[in-house]
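Tertiary structure, described
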Amino acid sequence: MKNSEVNYEAVSALLHRHNVLSDAAEVHGILCGMLSGGMDPDNTQWQEALCDYINAGEPLPGEINEAVEAMLSQLLLQLRSEDFSMVMCLPDEEAPIEERGQAVIAWVQGFLLGFGVQKQELLSCSEDVKEALKDFSDIIQMDADMPETDESEQALYEVMEYVRISALLCYSELGSSDKPKGPSRTLH
């Protein structure tokens, strides 16, 4: 499934043009981690923390800020969706497996960073969330140097799906309880 609104290659190129060392996967992971750790997306303090990590504390150029805000908006819609439709911002399936593996590692590193910024205390987390975070720590140690084989493709797919589902679990348990407000449904 390809993310049609926020494109990994386009956002990564934009970040590179402005000398930001992070790629789109890491930024997406940071945002997802912050949201999953309970960040209130309406509180703009998240922007300062993101700038600290990806741009040496300097404000993001307008072009990047727009892309990040679009990424955040789309991510919020996906996380709040009842159909588990969150799509991680990663390279296209045609990209070399090493590039995709490195992007998954960067996404998970970003998630752990963003989650840690928001959720310092893990005592109140469920065992499932604690286990997922421990597994994420193991994933960032993963060797992205994978041969182009069907077995490697399958293994990477399974890791990506585990990460995606685990991120959704973290968000559903600890994310901001501010769900989109719409008309209430009354059955007569």
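For the structure itself, look to the data block above.
Keep in mind that what you see is a predicted model, and the values were worked out from it rather than measured.

1. Side note on the pattern of salt bridges
Where charged atoms from two side chains of opposite charge come close, those side chains can pair. In the structure shown here, the tally under the stated rule is five salt bridges. Residues glutamate 63 and arginine 17 are paired through a salt bridge, measuring 3.6 Å at the closest nitrogen-oxygen approach. Residue glutamate 63 is located in helix H4 (residues 62-80), and its partner arginine 17 is located in helix H1 (residues 8-17); the two are separated by 46 residues in the primary sequence. On the accessibility criterion, arginine 17 (53% relative accessible area) is exposed. As a salt-bridge pair, lysine 130 and glutamate 127 come within 3.6 Å of each other at their nearest N and O atoms. Of this pair, lysine 130 and glutamate 127 both sit in helix H6 (residues 127-139), three residues apart, which is roughly one turn of that helix. Given a relative accessible area of 28%, lysine 130 falls into the partly exposed group.

2. Details of helix H3 (residues 45-54)
Three or more residues of H3 are buried, namely Trp46, Ala49, Leu50, Cys51 and Ile54. Looking at the buried positions of H3, the neighbouring elements they touch are helix H2 (24-36), H4 and helix H5 (97-118). Positive backbone phi, at 50 degrees, marks alanine 56, one or two positions downstream of H3.

3. With respect to the packing of aromatic side chains
Where two aromatic rings form a pair, the distance of their centres and the angle of their planes describe that pair. Summed over all chains, the structure comprises three aromatic pairs. Measuring from centroid to centroid gives 5.2 Å for phenylalanine 111 and phenylalanine 136, while their planes differ by 80 degrees, and the two rings are edge-to-face. Note that phenylalanine 111 is positioned in helix H5 and phenylalanine 136 in helix H6, a separation of 25 residues in sequence. Judged by its relative accessible area of 0%, phenylalanine 111 falls in the buried class. Through pairs of rings, three or more aromatic residues link up here, namely Trp107, Phe111, Phe115 and Phe136.

4. Some thoughts on H6
Compared with an ideal rise of 1.5 Å per residue, which puts 13 residues at 18 Å, H6 spans 18 Å between its outermost C-alpha atoms and is within 8% of the ideal. Within H6, the full set of buried residues consists of Val129, Ala132, Leu133, Phe136 and Ile139. Around the axis of H6, the buried residues are gathered within 110 degrees of arc, so they sit on the same side. Relative to its buried face, H6 has exposed residues pointing more than 90 degrees away, namely Glu127 and Lys134. On its buried side, H6 packs onto H5 and helix H7 (150-174).

5. Overview of the environment of isoleucine 97
Within the element layout of this structure, isoleucine 97 appears in helix H5. Once residues lying within four places of it in the same chain are set aside, the contact partners of isoleucine 97 are Met146, Pro147, Glu148, Ser152, Glu153 and Leu156.

6. A few points about the packing of H1 against H4
Interhelical geometry of H1 versus H4 gives an angle of 150 degrees and a closest axis separation of 10 Å. As the angle between them shows, H1 and H4 are arranged roughly antiparallel. Like other packed secondary-structure pairs, H1 and H4 cross with a definite hand, here left-handed. Along the contact surface, H1 presents Val11, Leu14, Leu15 and Arg17, while H4 presents Glu63, Ile64, Ala67 and Met71. Split by residue class, the contact of H1 with H4 holds six nonpolar, no polar and two charged.

Criteria and thresholds
Residues numbered from 1 in each chain as written. Predicted model: local features only at pLDDT ≥ 70, side-chain atom pairs only at ≥ 80, totals over all residues. Heavy atoms only, no water. Salt bridge = Lys/Arg side-chain N within 4 Å of Asp/Glu carboxyl O. Helix = DSSP H or I, 4+ residues; strand = E, 2+ residues; numbered from the N terminus. Buried < 20%, exposed > 50% of the residue type's maximum accessible area, 1.4 Å probe, protein only. Contact = heavy atoms within 4.5 Å. Phe/Tyr/Trp six-rings, centres within 6.5 Å; stacked < 30°, edge-to-face > 60°. Expected span 1.5 Å × (residues − 1). Arc of directions from axis to C-beta. Axes fitted to C-alpha atoms, helices over the stretch in contact; angles between N-to-C directions. Parallel < 35°, antiparallel > 145°, perpendicular 65-115°, else oblique. Left-handed = near helix turned anticlockwise from the far one by under 90°. Nonpolar A, V, L, I, M, F, W, Y, C, P; charged D, E, K, R; others polar.

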